[in-house]
Amino acid sequence: MTKFISIIGCGKVGKTLSRLWTLNGALHIQDILNRSVDSATRASAFIGAGRAIASYADLQPADIYLIAAPDDQIEHCCEELSRTGNLSADSIVFHCSGALPSSVLQAACQQGAAVASIHPIRSFASPEKVIQSFTGTFCGMEGDQRALDVLQQAFTAIGAQLVSIKADAKILYHAAAVFSSNYLVTLLDVAQQAYIQAGIAPDVALKLIEPLMRETADNVFRLGTEAALTGPIARGDMATAEKQLRAVAQWNPACAALYEQFMKLTVDLAARRDNCKN
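Residues numbered from 1 in each chain as written. Predicted model: local features only at pLDDT ≥ 70, side-chain atom pairs only at ≥ 80, totals over all residues. Heavy atoms only, no water.

Moving on: the overall build of the chain. Broken down by element type, the chain carries 13 helices and 8 strands. Computed over its C-alpha atoms, the radius of gyration of the chain comes to 24 Å, more than 25% above the 19 Å expected for a compact globule of 278 residues. Taken along its principal axes, the extent of the C-alpha atoms in the chain is 70 × 45 × 30 Å. Counting across all 278 residues of the chain, residues that qualify as buried make up 38%. In the chain, 57% of the contacts between residues at least 6 apart in sequence involve partners at least 24 apart. Distance from the positive charge centre (23 side chains) to the negative charge centre (26 side chains) of the chain: 6 Å. (Helix = DSSP H or I, 4+ residues; strand = E, 2+ residues; numbered from the N terminus. Rg over C-alpha atoms; globule rule 2.2 N^0.38 Å. Buried < 20%, exposed > 50% of the residue type's maximum accessible area, 1.4 Å probe, protein only. Contact = heavy atoms within 4.5 Å. Lys, Arg positive; Asp, Glu negative; His and termini not counted. Charge placed at Lys NZ, Arg CZ, Asp CG, Glu CD.)

Approximately 2,600 Å³ is the volume attributed to the largest pocket. As for the largest pocket, its lining consists of 45 residues, of which Leu 184, Leu 187, Thr 216, Phe 262 and Thr 266 are closest to the centre. Counting residues per element, the ones that place at least two in the lining of the largest pocket are helix H7 (170-180), helix H8 (182-197), helix H9 (202-223), helix H10 (225-228), helix H11 (232-235), helix H12 (238-251) and helix H13 (253-277). Here the lining of the largest pocket is composed, by residue class, of 33 nonpolar, 11 polar and 1 charged. Forming the walls of the second largest pocket are 24 residues, and the residues nearest its centre are Gly 98, His 119, Pro 120, Arg 122 and His 174. Of the residues forming the lining of the second largest pocket, the biggest block, 6 residues, is contributed by H7. Taken together, the residues that form the lining of the second largest pocket break down as 14 nonpolar, 8 polar and 2 charged. (1 Å grid on protein atoms, 1.4 Å probe; cavity = no way out; pocket = protein on both sides within 12 Å on 5 of 7 lines; lining within 4 Å. Points joined across faces, edges and corners; volume = space filled by probe spheres on them. Nonpolar A, V, L, I, M, F, W, Y, C, P; charged D, E, K, R; others polar.)

So, on to a nonpolar patch on the surface. Where nonpolar side chains cluster on the molecular surface, the patch consists of Leu 184, Leu 187, Leu 258, Phe 262 and Leu 265 and spans about 400 Å² of accessible area. Counting residues per element, the ones that place at least two in the nonpolar patch are H8 and H13. If you tally residues by element for the nonpolar patch, the top one is H13, at 3 residues. On the accessibility criterion, Leu 265 (47% relative accessible area) is partly exposed. (Patch = residues over 30% accessible without salt bridge, like charges linked within 9 Å, V, L, I, M, F, W, Y side chains within 5 Å. Areas by Shrake-Rupley, 256 points an atom, 1.4 Å probe, with all protein chains shown as cover. Salt bridge = Lys/Arg side-chain N within 4 Å of Asp/Glu carboxyl O.)

All right, on to the environment of Glu 215 then. Mapped onto the elements of the fold, Glu 215 is located in helix H9. Taking relative accessible area as the criterion, Glu 215 reaches 53% and is therefore assigned exposed. Sequence separation between Glu 215 and Val 248 is 33 residues, and the spatial gap between their C-alpha atoms is 24 Å.

The alternating pattern of strand S4 (residues 64-67) places Ile 64 and Leu 66 on one face and Tyr 65 and Ile 67 on the opposite face, and all of these are buried. Taken together, S4, helix H3 (residues 71-82) and strand S5 (residues 92-95) constitute a β-α-β crossover, and its handedness is right-handed. (Right-handed = clockwise from strand over helix to strand, strands pointing away.)

For helix H2 (residues 37-47), the complete set of buried residues consists of Ala 40, Ala 43, Ser 44 and Ile 47. One side of H2 holds all its buried residues, which, seen down the axis, span an arc of 100°. Across from the buried face of H2, at angles greater than 90 degrees, the exposed residues are Asp 38, Arg 42 and Ala 45. Taken together, the buried residues of H2 touch helix H1 (12-24), strand S2 (27-33) and strand S3 (51-53). Looking one or two places after H2, you find Gly 48, whose phi comes out positive at around 85°. (Arc of directions from axis to C-beta.)

The subject of this paragraph is the side chain of Thr 266. Within the secondary structure layout, Thr 266 lies in helix H13. A polar side-chain atom of Thr 266 sits 2.6 Å from the main-chain carbonyl oxygen of Phe 262. Every residue in contact with Thr 266, bar those within four places of it in the chain, is listed here: Leu 229 and Ile 233. (Polar contact = N/O pair within 3.5 Å; in protein donor to acceptor, adjacent residues only side chain to side chain.)

So, about the packing of H1 against H2. Any two packed helices are characterised by how steeply their axes cross, that is the angle between the axes, and by the distance between the axes. The interhelical angle for the contact between H1 and H2, taken along N-to-C directions, is 35°, at an axis separation of 8 Å. The handedness of the crossing between H1 and H2 comes out as right-handed. Contacts from Lys 15, Thr 16, Ser 18, Arg 19 and Thr 22 of H1 reach H2 at Ala 43, Phe 46 and Ile 47. (Axes fitted to C-alpha atoms, helices over the stretch in contact; angles between N-to-C directions. Left-handed = near helix turned anticlockwise from the far one by under 90°.)

Bringing the state of the cysteines into the picture now. As enumerated under the stated definition, the model contains 0 disulfides in all. Cys 109 takes part in no disulfide bond, and the closest cysteine sulfur, belonging to Cys 78, lies 7.5 Å away. We note that Cys 139 lacks a disulfide partner, and the nearest cysteine sulfur, in Cys 96, lies 8.0 Å from it. (Disulfide = S-S within 2.5 Å.)

Taken by themselves, the reported measurements are silent on function.
Below you can see the structure in the form of structure tokens.
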């Protein structure tokens, strides 16, 4: 029997997931509560289901509640939900934050509800595009097993691949995504600036970076990080690495500190690779 879900804070993530559940018949969208009824109405139109409501008092009892509000509002939204009297030992409450653990839903736990967190590891900048390509999306999950048993079915129905994570390491899990995405952009910006300092035009610098980055990334995903490592340190040529460090220091001390830290981590990575060969 298909379960009913209400969405609190139905922005890009909430709209996308709800539309996918509606298209696949995985869940029935019941109530949509946003900051304004107009916003909730627009979300309902996008989803093709759901009733736009004006306040927590208008929420009807549902099997599942998704709090898809911004991180700094999730705990407050859960507290407001817990005051409605709609939660019971049969209820499930979850959020999709990558940084917060399911334990921030403590107010729901106190009403007997099972809680969880399921975080789709991708950008939701364009819900329309995500809907077309969601299949295969990895989602980190943690929380009460009763909640996960139900939510796994709902997410699997829309093509998600679920990965269990440690609740007490949630912020480290989120930091891994930042290393993989945000800081990669920053690192490539540093590389571009170094090329520019060497007399290369900015657009040409990006063209020099692209094949290096793409081939390296392909090798990492094909071979693993240890086997994909190349360059002076991988060859044991620390003299060249030290010369590069001094050159970077003359250009930009802040980038030199970054380079030096990467040197240390790369030495460790090369040692792991060599140990595996022995």
